[in-house]
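# Secondary and tertiary structure notes
So you can see what is in the structure, the chains are spelled out below.
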Amino acid sequence: MYIPSENRYQAMRYRRCGNSGVMLPLLSLGLWHNFGDITPFSVQQALLRTAFDSGITHFDLANNYGPPYGEAERNFGRHMDADWRPHRDELFISTKAGYDMWPGPYGNWGSRKYLIASIDQSLKRMKVDYVDVFYHHRPDPNTPIEETMGALDQIVRSGKALYAGISNYRPEQAKAAIAELKRLGTPCLIHQPRYSMLDRWIENGLTDMLKKEGVGCIVFQPLAGGLLTGKYLEGIPADSRMARDGRYLKPDSLTEENLGKIRALKAVADARGQKLHHLALQWALRDEAVTSALIGASRPEQIIDNLEILNAPPLTDRELNQIESALAGSSEA
Ligand SMILES: NC(=O)c1ccc[n+]([C@@H]2O[C@H](COP(=O)([O-])OP(=O)(O)OC[C@H]3O[C@@H](n4cnc5c(N)ncnc54)[C@H](OP(=O)(O)O)[C@@H]3O)[C@@H](O)[C@H]2O)c1
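Report follows, based on the coordinates. It should be emphasised that the depicted structure is a prediction, and the values quoted were computed from it without experimental measurement. (Residues numbered from 1 in each chain as written. Predicted model: local features only at pLDDT ≥ 70, side-chain atom pairs only at ≥ 80, totals over all residues.)

### So, the overall build of the protein chain
For the protein chain, the count of helices and strands is eleven helices and ten strands. Compactness check: the protein chain gives a C-alpha radius of gyration of 19 Å against a globular reference of 20 Å for 333 residues, within 12% of the reference. Along the three orthogonal principal directions, the C-alpha set of the protein chain runs to about 55 × 45 × 40 Å. Restricting the contact set of the protein chain to residue pairs at least 6 apart, pairs at least 24 apart contribute 76%. (Helix = DSSP H or I, 4+ residues; strand = E, 2+ residues; numbered from the N terminus. Rg over C-alpha atoms; globule rule 2.2 N^0.38 Å. Contact = placed C-beta atoms within 7 Å.)

### Comments concerning unusual backbone geometry
Residue P67 is bonded to the preceding G66 through a cis peptide linkage, with omega at 0°. Examined against the element boundaries, P67 turns out to sit in the loop between strand 4 (58-60) and helix 2 (71-84). In this chain, P67 is followed by P68 through a cis amide linkage whose omega measures -15°. Note that P68 resides in the loop between strand 4 and helix 2. Despite not being glycine, N168 has its phi angle at roughly 65°, a positive value. Considering the arrangement of structural elements, one finds N168 in the loop between strand 7 (161-167) and helix 5 (171-184).

### Here we look at the environment of I155
By the secondary structure assignment, I155 is in helix 4 (residues 145-157). The sequence separation of I155 and L115 amounts to 40 residues, and the corresponding C-alpha distance is 8.7 Å. Leave out the neighbours within four places in its chain, and I155 touches L115, I116, I119, F134, K160 and A161.

### A short note on the site of the ligand
Around the ligand lies a shell of 29 residues, among which G30, W32, F220, G226 and G296 are the nearest. Contributing elements (two or more residues each) for the shell around the ligand: strand 10 (292-295) and helix 10 (300-306). When residues in the shell around the ligand are grouped by element, the largest group, three residues, is from helix 10. By residue class, the composition of the shell around the ligand is nine nonpolar, 16 polar and four charged. (Near = placed C-beta within 6 Å. Nonpolar A, V, L, I, M, F, W, Y, C, P; charged D, E, K, R; others polar.)

### Focus on the sheet that holds strand 8 (residues 188-192)
In space, the eight strands of this closed barrel follow the order 3-4-5-6-7-8-9-10, with parallel pairing throughout. The average undirected angle you get between the axes of adjacent strands in this sheet is 30°. Across five bridges, the pairing between strand 6 (residues 131-136) and strand 7 is parallel. Paired with H136 across the bridge in strand 7 is I166. The sheet strands contacting helix 3 (residues 112-126) are strand 5 (92-97), strand 6 and strand 7, and the helix crosses strand 5 at an angle near 140°. (Pairing = 2+ DSSP bridges. Axes fitted to C-alpha atoms, helices over the stretch in contact; angles between N-to-C directions.)

### Things to note about the packing of helix 1 (residues 41-53) against helix 2
Running from amino to carboxyl end, helix 1 crosses helix 2 at an angle of 65°, the nearest separation of the two axes being 11 Å. It follows that helix 1 is roughly perpendicular to helix 2 by the angle criterion. The interaxial crossing formed by helix 1 with helix 2 has right-handed handedness. Judged by residue contacts, F41, Q44, Q45, L48 and R49 of helix 1 engage N75, R78, H79, A82 and D83 from helix 2. Considering only residue class, the contact of helix 1 with helix 2 consists of three nonpolar, four polar and three charged. (Parallel < 35°, antiparallel > 145°, perpendicular 65-115°, else oblique. Left-handed = near helix turned anticlockwise from the far one by under 90°.)

Printed below as a string of structure tokens:
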């Protein structure tokens, strides 16, 4: 039987999610990779236990995480039975729908038909009565925002999710979704955008708008899938995501431009006496508008390693400037 560490809440720091009552850990764990049928159950179990033992209370899923689609949720249901049922109220669990999930016109995008069928399927696979957040995974240009947000509102009111969230919405789309959810009386808890040193689009209006609206922000892929660990600087290691599971992280991301930025960022980290991925995580969390950074891990040691940021000194203005210069490809300002 799993007995969680008694010290699990001692080191972690929690931030308030927008204007809500919910606190999220600085680091959250995503189950996009390493929870499908290619990862042994024991490895998955060690990842989840290590996270929770360190105060990581938030696990993030989606209907189509696998492989195959649905398998991460199905495995999560097995972990619920094995470990988590007694600790359900200490966990903050999310899932999503919005990308392709099942064949035909009702298994994708943002219709009420898709979202309501999908949450019902997710709850069965995950063997939970409700999730804490249900997200619309990406904006749908062809379904009225009133229909999609109406489905999220209904899902919350029916008790299948406690809160509603949106993911990958651009600032104007997010603003419209947030306004519609507010009108319906189910405020948007959180936005989940991609954000890292290599992808800074949220700085162009999204975070400011979320701050103003009192909506939280959990950023995904703060390590750019592993690029910002520096592990690809000398080639593609055999035990890395790019070598093991090339579905999304492909060698064509190893451009001279990206490698040049990563080398320059590593020099900033070296000067701080820090690992590059610690610098990347601290940087992604430097604005309090970012509630949490959503990481992945293939081994429990990576989670422990990433938690070293809790003891690291904050980034100074000079270091932030050095990071800007590294990303701009110039020498220090
Ligand atoms: N909403 C969306 O559309 C969306 C899209 C994508 C992801 N997400 C969410 O974001 C989560 C995180 O995505 P991600 O896994 O791509 O994020 P990431 O944190 O940028 O990358 C994680 C990968 O980096 C490597 N890594 C992490 N810590 C390391 C360490 N200390 N040392 C060495 N390598 C380390 C591992 O890869 P190796 O396999 O190389 O060890 C790990 O699997 C997902 O699980 C999902 O929940 C959401």
